[in-house]
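# A closer look at the structure
Residue-level listing of the chains:
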Amino acid sequence: MSRMTGKRALITGAASGLGFAIAQKFVDEGGEVFLTDLNEDGARANAETLGAKAMKHDVTSEEDWKAAIKRADEALGGFNVLVNNAGIGAFGSVEDDSFESYKKVVAVDLDSVFLGCKYALGVMKGHAPGSIINISSIAGLLGQAELASYNAAKAGVWLLTKSVALHCAKRRYDIRANSVHPAFIKTPILDGMKEALGIETDEELHKNLARGIPLKCIGEPDDVAYACVYLASDESKFVTGTELKIDGGLSAW
């Protein structure tokens, strides 16, 4: 397959879940990847599987971002795709959640995207055409009482992405930026929700979540990965500053 031929991607949060699924699809389609994650062992194991390289990366650290971009640049001979995927979940209302938890969610889910876009552009401008893909959430578009900090962070990713897209267009960088908004996907990020809801098994949780989705199922990591292949490839060369919902019809209610 060759949809990603010539595409070289830095992917964060790639030790498991969506990050690894996206990396696999990119490689399957002829692309090259560099993986980062706070879970260094997981990232390196996945990189070995894909014939790629990886490093430990705290996405809330400005210095770590500078180091990751330098390493990816060296490993890939420059890169032209950035996937800001790293993220954490949180379950709590504005009254129940702590300020410390709120700040952590915003740092991981939103501040990291700002840092990634800010510093990756310096490399990507020299290897255009390029694509920035920011993984937001349907929770960045639709509010829920028990997702106060997550709603705030993911909504920030949505509008930050539009700002980045317009900036790149204005400067004629030939770099696009788009956000992806999944609903519930079968990844480890759902573990915290299982505990918060008092549900014992994954199967029970998935059935519970599926009741609120028109298609009556939750998503698979590949559902998001295929979308990212489209946004990273030249097939989407006229698509920038937009949001792609992968939510089983949830936002159409």
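Residues numbered from 1 in each chain as written. Predicted model: local features only at pLDDT ≥ 70, side-chain atom pairs only at ≥ 80, totals over all residues. Heavy atoms only, no water.

Once that is clear, we can look at the pairing of strand β3 (residues 53-56). As defined by bridge partners, strand β2 (residues 32-37) adjoins β3 across four bridges and the pair is classed as parallel. Within β3, the position partnered with Thr36 by the bridge is Met55. Following the chain from β2 across helix α2 (residues 40-50) to the adjacent parallel β3, one finds a crossover that is right-handed. (Pairing = 2+ DSSP bridges. Helix = DSSP H or I, 4+ residues; strand = E, 2+ residues; numbered from the N terminus. Right-handed = clockwise from strand over helix to strand, strands pointing away.)

So, about unusual backbone geometry. In this model, Ala128 is joined to Pro129 through a cis peptide bond whose omega is 5 degrees. Note on placement: Pro129 falls in the loop between α4 (99-124) and β5 (130-135). Here Arg172, not a glycine, exhibits a phi torsion of approximately 60 degrees, which is positive. Note that Arg172 resides in the loop between α5 (148-170) and β6 (175-182). A positive phi is found at Asp174, a non-glycine position, where the angle reads about 60 degrees. The topology assignment puts Asp174 in the loop between α5 and β6.

What follows is about the packing of α4 against α5. With their axes 8 Å apart at the nearest point, α4 and α5 run at an angle of 10 degrees to one another. In terms of their interaxial angle, α4 and α5 are classed as roughly parallel. For the crossing formed where α4 meets α5, the hand is right-handed. Along the contact surface, α4 presents Tyr102, Val105, Val106, Asp109, Leu110, Val113, Phe114, Cys117 and Leu121, while α5 presents Ser149, Tyr150, Ala152, Ala153, Lys154, Gly156, Val157, Leu160, Val164, His167 and Cys168. Per-class residue counts for the contact of α4 with α5 are 15 nonpolar, three polar and two charged. (Axes fitted to C-alpha atoms, helices over the stretch in contact; angles between N-to-C directions. Parallel < 35°, antiparallel > 145°, perpendicular 65-115°, else oblique. Left-handed = near helix turned anticlockwise from the far one by under 90°. Contact = heavy atoms within 4.5 Å. Nonpolar A, V, L, I, M, F, W, Y, C, P; charged D, E, K, R; others polar.)

Take the pattern of salt bridges next. Inspection of every chain in the model, using the stated rule, returns eleven salt bridges. Taking the shortest distance from any N to any O, the salt bridge between Arg3 and Glu235 comes out at 2.8 Å. Of this pair, Arg3 sits in the segment before β1 (8-11) while Glu235 sits in the loop between α8 (221-232) and β7 (243-246), and the two are 232 residues apart along the sequence. Judged by its relative accessible area of 29%, Arg3 falls in the partly exposed class. Taking relative accessible area as the criterion, Glu235 reaches 44% and is therefore assigned partly exposed. Ionic pairing is found between Glu220 and Lys186, a salt bridge with its closest N-O pair at 3.1 Å. (Salt bridge = Lys/Arg side-chain N within 4 Å of Asp/Glu carboxyl O. Buried < 20%, exposed > 50% of the residue type's maximum accessible area, 1.4 Å probe, protein only.)

Further remarks concern helix α3 (residues 62-76). Taking 1.5 Å per residue, 15 residues should reach 21 Å; α3 reaches 21 Å between its end C-alpha atoms and fits that length. Among all positions of α3, only Trp65, Ala68, Ile69, Ala72 and Leu76 are buried. Relative to the axis of α3, the buried residues are bounded by an arc of 100 degrees and lie together on one face. Projecting away from the buried face of α3 at angles above 90 degrees are the exposed residues Glu63, Lys70 and Glu74. Packed against the buried residues of α3 are β1, β2, β3, β4 (81-84) and α4. Gly77 occupies a position one or two residues after α3 and carries a positive phi of about 70 degrees. (Expected span 1.5 Å × (residues − 1). Arc of directions from axis to C-beta.)

What follows concerns the sheet that holds β7. With respect to topology, seven strands assemble into an open sheet ordered β3-β2-β1-β4-β5-β6-β7, the strand pairing being parallel. Every interior strand has two partners, whereas the edge strands, β3 and β7, have only one. Neighbouring strand axes in the sheet, compared pairwise and without regard to direction, differ in orientation by 15 degrees on average. Relative to β6, β5 runs parallel, the two sharing six bridges. Paired with Ile132 across the bridge in β6 is Ala177. Of the strands in this sheet, β1, β2, β4 and β5 touch helix α1 (residues 17-28), which is tilted by about 170 degrees from β1. Along the sheet, α4 contacts β4, β5 and β6; its crossing angle with β4, the most-contacted strand, is approximately 175 degrees.

By themselves, these are just geometric observations and shouldn't be taken as functional.
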